[in-house]
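Coordinate analysis (summary)
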Amino acid sequence: MCGIVGYIGKKKQAAPILLEGLEKLEYRGYDSAGIAVINNGEINFAKAKGRLRVLSEKTNGGKDLIGCAGIGHTRWATHGEPSDINSHPHLSQSGRFAVVHNGIIENYMELKEKLIRKGFEFISETDTEVIAHLFEYYYKGDIMDTMIKVIDRVEGSYALGVLCSDYPDSFIAVRKASPMIIGIGNDENFVASDVTAILKHTRQVCYVEDNEIVVLTADDVKIYNTDKEELEKEIKTIDWDVSAAEKGGYEHFMIKEIEEQPKAIRATISPRIKDGKIVLDDVSLTKDDIKNLRKIFIVACGSAYHVGVVGKYVIEKMCRIPVECVIASEFRYSDPIVSKNDLVIVISQSGETADSLEALKVAKNRGARVLSIVNVVGSAIANASDDVIYTWAGPEIAVATTKAYSTQLTVMYLLSIYMAEKISTITSGQYKKYLEDLEKLPDLVAKTLENKEQIAYLASKFYNCHSIFFIGRNLDYAVSLEGSLKLKEISYIHSEAYAAGELKHGTISLIEDGTLVVALATVDDLFEKTVSNIKEVTTRGAVVMGLTTEDRSMTGIADYTIQIPNTNDIFLPSLTVIPLQLFGYYVAANKGCDIDKPRNLAKSVTVE
Ligand code: G6P
């Protein structure tokens, strides 16, 4: 969702750097953008509804806004429609303050009414404008004191960048439950919603915690707590390759990230298997802890939730511990029966998803132990967890996740096998075999990717469909959920995933002549059962695209067959998902959709 970039330097102009940084944050999802730059104590700004291109044209590539310090923002509308006026930055009444904000101010109505009574006039419908006016209301000449007052009054989540015309050589920033990092350069410093925005300029970053106040000048960054005490912060070096966040010759980030999966899976597995044993350095769960677990919850949103659905089957099969997989936004408001003998696994690529973070807090407040599976190092969910297992997917830019999903699955396998071995629910022979098969997974994923041509052909045949169904049983059902989501989020074709045996309890009435059904039949002992379900739909006119392992034939059963390499049943989801990702991608490409930035979606959802 919203993206923030702030820049302060000595010689370079801020506006083009801000525009370029915002471009790198486009993937987060937005519908308008704006920048403000300070020059000789005067704040100038430009805002525009629509893509960044519009803002860039309006400001002549940023050249029309002179100044070496500024803040920029991409907005994903929550309070008030996407429009020039509702775009950030928002200025205080006198124009002394300019504010960009990511997050939601929950008590903005109460604050707005108060400010209106004090004579402030609002021109936008946003919650953020309240902050700009609050700065002016509390300002007595000291920006730090004002910031402390403002954050004391606002409730909700925020990452804020604030320019003040009285401080032409600095700007100030703060965060609470919304992402923000600091970039430290030579004679220039940055704030940004994530590192991709500043990677071109610096790799030295510093992670700020909730309510730490950052004061940036061209040659210094100081961080304070709300008692105005300066804090010592560790500076970390980002070792991501810049090219990891560039398209590098691919038409879309999504296809690049699909292709990167063997590498990402290998990077996630390899360091964790040493001398024939799984080593999870960051997991402090002991054998007794695992033995005493009453239940495991897996809590997540979107594709991460779909990983959880696979995880439920895998953990239950291997560890014989009951697992419940719950959508985070449901979990947090369900008064969940969760307590100290439960493990809550939170899965999140961004580590910032508001519902997942709040669900995590609910679980912790009730005494549960929280283990998270996260891609973004130092993110809020990682910081709030008892244990973290990082996925080493590298930056994922396309809104529709692929390599993050695959590496999350991989961690799920590692964790399940690790726990099963500890509590002896698998034999040492099985343990050894699982590890051997797991280590082969990156090569099998690479082999599955070789079948691109067939999938592209099938996509070219079916991209005009109005509705597509995905069916499967157990693990195949879990992957169907992801295949269906991939397709609909980027191609805008209506699609549903159904447990194959459930179709006849209602949904089969939607099957008519020519309806495409993608039937997943990879799980060995359920093959025949799924074939029966395929027959039920073909009898009613459906066209079936069957997906099975290379040692099976679906001739005479399905109209088209996609085959994947064979491996241990529990690892099949890692292979089954590949043709489905490619199918969604090629269907969307045939339709000419904006694949990396699908309409209405955001990569990092920081509102509930
Ligand atoms: C958004 C993205 C999805 C993602 C979900 C959870 O909706 O568009 O692709 O699966 O958020 O994100 P997380 O960062 O928590 O994995």
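Here goes a summary of the coordinates provided. (Residues numbered from 1 in each chain as written. Predicted model: local features only at pLDDT ≥ 70, side-chain atom pairs only at ≥ 80, totals over all residues. Heavy atoms only, no water.)

Attention now goes to the sheet that holds strand 21 (residues 387-390). One open sheet accounts for 5 strands, arranged 18-17-19-20-21; its pairing is parallel. With one partner strand each, in any of the chains shown, strand 18 (323-327) and strand 21 form the two edges of the open sheet. Averaged over all adjacent pairs, the angle separating strand axes in this sheet is 20°, with direction ignored. Here 6 bridges tie strand 19 (residues 342-348) to strand 20 (residues 369-374), and the two strands are oriented parallel to one another. Looking at strand 20, one finds that Ser348 is bridged to Val374. Against the sheet, helix 13 (residues 403-422) touches strand 17 (295-300), strand 19, strand 20 and strand 21, its axis set at about 160° to strand 19. (Pairing = 2+ DSSP bridges. Helix = DSSP H or I, 4+ residues; strand = E, 2+ residues; numbered from the N terminus. Axes fitted to C-alpha atoms, helices over the stretch in contact; angles between N-to-C directions. Contact = heavy atoms within 4.5 Å.)

Near the ligand there are 13 residues, and of these Ser303, Ser348, Gln349, Ser350 and Thr353 occur at the shortest range. Contacts to the ligand include Ser350, whose side-chain N or O atom sits 2.6 Å from an oxygen atom. Within the contact set of the ligand, an oxygen atom lies 3.0 Å away from a backbone nitrogen or oxygen of Ala602. For the ligand, the protein covers 89% of the area, taking 390 Å² as the surface of the free molecule. (Near = heavy atom within 4 Å. Polar contact = N/O pair within 3.5 Å; in protein donor to acceptor, adjacent residues only side chain to side chain. Areas by Shrake-Rupley, 256 points an atom, 1.4 Å probe, with all protein chains shown as cover.)

Turning our eyes to something else, we now look at the pattern of salt bridges. Pairing of side chains with opposite charge becomes possible as their charged atoms draw close. Following the criterion strictly, the structure yields 36 salt bridges and no others. Lys200 serves as the salt-bridge partner of Glu20, at 2.6 Å between the closest nitrogen and oxygen. On the criterion of sequence distance, the pair formed by Glu20 in helix 1 (residues 14-24) and Lys200 in the loop between strand 10 (188-192) and strand 11 (204-207) is long-range, its members being 180 residues apart. The partly exposed category is assigned to Glu20, whose relative accessible area is 26%. One salt bridge connects Arg294 with Asp342, and the closest N-O pair in it is separated by 2.9 Å. In this pair, Arg294 is assigned in the loop between helix 8 (287-291) and strand 17 and Asp342 in strand 19, connecting sequence segments 48 residues apart. (Salt bridge = Lys/Arg side-chain N within 4 Å of Asp/Glu carboxyl O. Buried < 20%, exposed > 50% of the residue type's maximum accessible area, 1.4 Å probe, protein only.)

Any functional reading would require information beyond the geometric quantities listed.
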